Structure formats: structure tokens, C-alpha cells
Amino acid sequence: MRLHVGLRCDGGAELGVGHVIRCLALAEELLSRGHAVSLVGDVGGVPWVEEQVRERGLGRHDAPSDPDELAALAARLGLDVMVLDGYLLDPRCGSALRAAGVTVLAVSDGPFGAEQEADLVLDQNLGAVADPARSGVALTGLGFVLFRDQVLRRRRTPETPASPGSPTRVLTVFGGTDPYAAGPVVVPLLLATGLPVHVVAVAARAEIAERLRALDTGPGQSLEVVPPVEDLAALAVTCDLAVTAAGSSVWEFLCLGVPAALVCVTDNQAVGYDAVAAEGVAVPVGVLSALRDDPAARSTAVEALHRLVEDPAARLELTDRGQRLVDGRGRQRVADAIEHHRLTVTTGP
């Protein structure tokens, strides 16, 4: 059975690219099984994401906003399945597609994106549980996280901590576009620890890079500002620690075995931020809005970063906990569920 799967997702400078990246991970799994995959949406002129779409040979189609028109497009493309991943999509998309005979996989993050009617419901966040009021087969929790090939092949085993006295190498990254300019807020807090660090700061935009390069470093500290990289996993595994937004990239760092400190950048990250902090698999740094304006929040963040930078054993413990939670096989389980549902639809139970 060869399926044609559509990925309805968007990404761009303001939206970020998290929805697109996790859909591309599912695309890789589906392509490896011989299925056809098309991207239905806009990647907003983010060059490295556009390149990832091209590299995978995905056809891209503009997406109508009207649900009935989306269903008509799915029919013209011959789609068997549509993945809906976006908080701003019309909540009637799922029902319109299903009425047209298309299997719907709806991706949500807690309450965000949860309005869609769907055959399969994916919430790949820590602590996610099935909503009894929502129809569809529930695929919930870290066992269903979607990772790209470049993450899976970089997954490492726990390493010996860096030797005492050597600068801790810290990656800072806040999404593919850093739409809220978190980097210039958080990197100074890392430098304020006063500890020897080599900070590798990913600057998603030129104005962010300029602000980062203007920062002063202390004794034993250095700051390297780099543009977004296509293979972030390759860069991450060269680092002792990642300081990042509490979005889908968190699961990538857990899978890779890179300990992480998290900043809650937007409201839709709050559920995941709180869950990860409660589970003790990453260190909470604070909420971005408070880190901008509240001296007490900034002081607390500096203390949390200080403890993590100076303690290799604590970082090693985070690596172990994270990799025990995230086994890297989530996309296989999601693809299995899609195939099983379509087989049931076409042949009966």
C-alpha cells in the first residue's frame, strides 16, 4: 500500500519553523517506506528550511485558508492522508478533509491546535495524555516525538564530563528564526555567571547577531556568533550544554544527549516548560518576558545557569535522564499508526 501524505504546516520569521521541522521528520520516515509526501503550506522564505524541503524532494503547494478549498486541493493532489500542524489553521479543516475521505493526523501541543477533528491525534509533549472528549486515536507523550535523520544519527551515549578548569562550551539557540529576540536577553545572563565559558550563539537574524557581538565578555569567556545551521545536531553534540527555548527543539537535545537549560519564550511553551522542569530532565531558567524586565527573575536565572555550568556531574545526570525518556523511535510509531488506519479504512477491521 503506497500512500500520498500531505503536510499542512507553515513556517517563517514570525511563526518560527518548529511545525515544519517536525513534519519533515515524519516525511523522512514515510519516504523511507516508499510513500509519497507533499508539503502544503508556506516556509516563509527561510532559506535553510527551503533547502531541507528541496533535499527531500517534496512537492510544495500553496494552501488555501478555506477548509472546503483545502479538501478540494487534497482531492486534486490525490492525498490519502493530511497532517495538520499549526495553531492558526481553521479548526474546521479536519472535518472538511475527513468528509472528503482523507485520513487526518492532527498535531497539537496541549490545548494549542487541539480544535481539529481527526482520526489520529498527536501530542508529542512530556506528560501529554489522551483527551477523553476528543475523538481519534491518541498518540501522546515522548514515545511519539518526531526526529529528523540528522538528529538520530548524532545521538550519543553519555560522555565523561569536561576536565575541571576548561571553559564549558555552551550552545544558545532560540528556534530557527528567534522571532522574539530571546538570544540578546539570555546570553548576557550566561555571561553574568562570571564562569569560564565558550558561548556558541546562533543568531537567526542580522540584527540579533549585531546585538550579540556587542556584548562584553569576562575573564576566561568567549562568544562565537554563528548563523542558523542546517545541521544543528552536529553543532549541538560538540557542546557541553544547550540553553534554548522550551519548544520542540528540547526533545532533540534530550535525544542527542545534550543537557539543556530552558527559557519559556511564548505562552504555548508553558505546558512543556513546566512538565520538563517537574520531571527534572532540563533546568528551567525563566519566562522570557520576566527575564527582560524583572531583576529578581534575572538573578534567579543567573544562579540556575551558574550551577549548571560549573557542575559536569549535574549535566551528565540530565543527559542520562533525557535519553532514557526519549528513545528516538517516535516517528516510526506515528508512521505505523498512519499505515494501520489507512489499511483499516481500505480493507475493514
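Everything below is about the structure shown above.
Rules of the game
Residues numbered from 1 in each chain as written. Predicted model: local features only at pLDDT ≥ 70, side-chain atom pairs only at ≥ 80, totals over all residues. Heavy atoms only, no water. Axes fitted to C-alpha atoms, helices over the stretch in contact; angles between N-to-C directions. Helix = DSSP H or I, 4+ residues; strand = E, 2+ residues; numbered from the N terminus. Parallel < 35°, antiparallel > 145°, perpendicular 65-115°, else oblique. Left-handed = near helix turned anticlockwise from the far one by under 90°. Contact = heavy atoms within 4.5 Å. Buried < 20%, exposed > 50% of the residue type's maximum accessible area, 1.4 Å probe, protein only. Pairing = 2+ DSSP bridges. Phe/Tyr/Trp six-rings, centres within 6.5 Å; stacked < 30°, edge-to-face > 60°.

### Here's the deal with the packing of helix H6 (residues 183-191) against helix H7 (residues 206-213)
No. 1: Contact geometry for H6 and H7: axes closest at 9 Å, N-to-C directions at 25°. Judged by the inter-axis angle, H6 sits roughly parallel to H7. Crossing angle aside, the handedness with which H6 passes H7 is right-handed. Mapping the contact onto sequence places Gly183, Pro184 and Val187 in H6 and Ile208, Arg211 and Leu212 in H7.

### Structural notes on helix H10 (residues 270-279)
No. 1: Every buried residue of H10 is accounted for by Gly272, Tyr273, Ala275 and Val276.
No. 2: Turning to H10, the residues buried within the fold contact helix H9 (249-256), strand S12 (260-264) and strand S13 (283-287).
No. 3: After H10 finishes, the residue Gly280 shows a positive phi value of roughly 75°.

### As for the pairing of strand S6 (residues 120-123)
No. 1: What you see with S6 is no split at all: Leu120 and Leu122 on one side and Val121 and Asp123 on the other are buried throughout.
No. 2: As defined by bridge partners, strand S5 (residues 103-107) adjoins S6 across 3 bridges and the pair is classed as parallel. Bridge pairing links Val107 to Leu122 in S6.
No. 3: By the bridge criterion, 4 bridges tie S6 to strand S7 (residues 137-140) in an arrangement that is parallel. Within S7, the position partnered with Val121 by the bridge is Ala138.

### Brief notes about the side chain of Gln52
No. 1: For Gln52, the location among the structural elements is in helix H2 (residues 47-55).
No. 2: Of the residues examined, Gln52 reaches a relative accessible area of 0% and is grouped as buried.
No. 3: Not counting the four nearest positions on each side in its chain, Gln52 is found in contact with Ile21, Leu24, Arg148, Gln150 and Glu230.

### Here's the deal with the packing of aromatic side chains
No. 1: Taken as a whole, this structure holds 1 aromatic pair when the rule is applied.
No. 2: Both rings, one in Tyr87 and one in Phe112, keep their centres 5.5 Å apart while their planes meet at 50°; by these two values the pair is tilted. A residue pair is termed long-range when its members are at least 10 positions apart, and Tyr87 in the loop between strand S4 (81-85) and helix H4 (93-99) and Phe112 in the loop between S5 and S6 qualify at 25 residues.
No. 3: In this structure Tyr87 comes out as partly exposed when scored by relative accessible area, which is 25%.
No. 4: Owing to a relative accessible area of 27%, Phe112 belongs among the partly exposed residues under this scheme.

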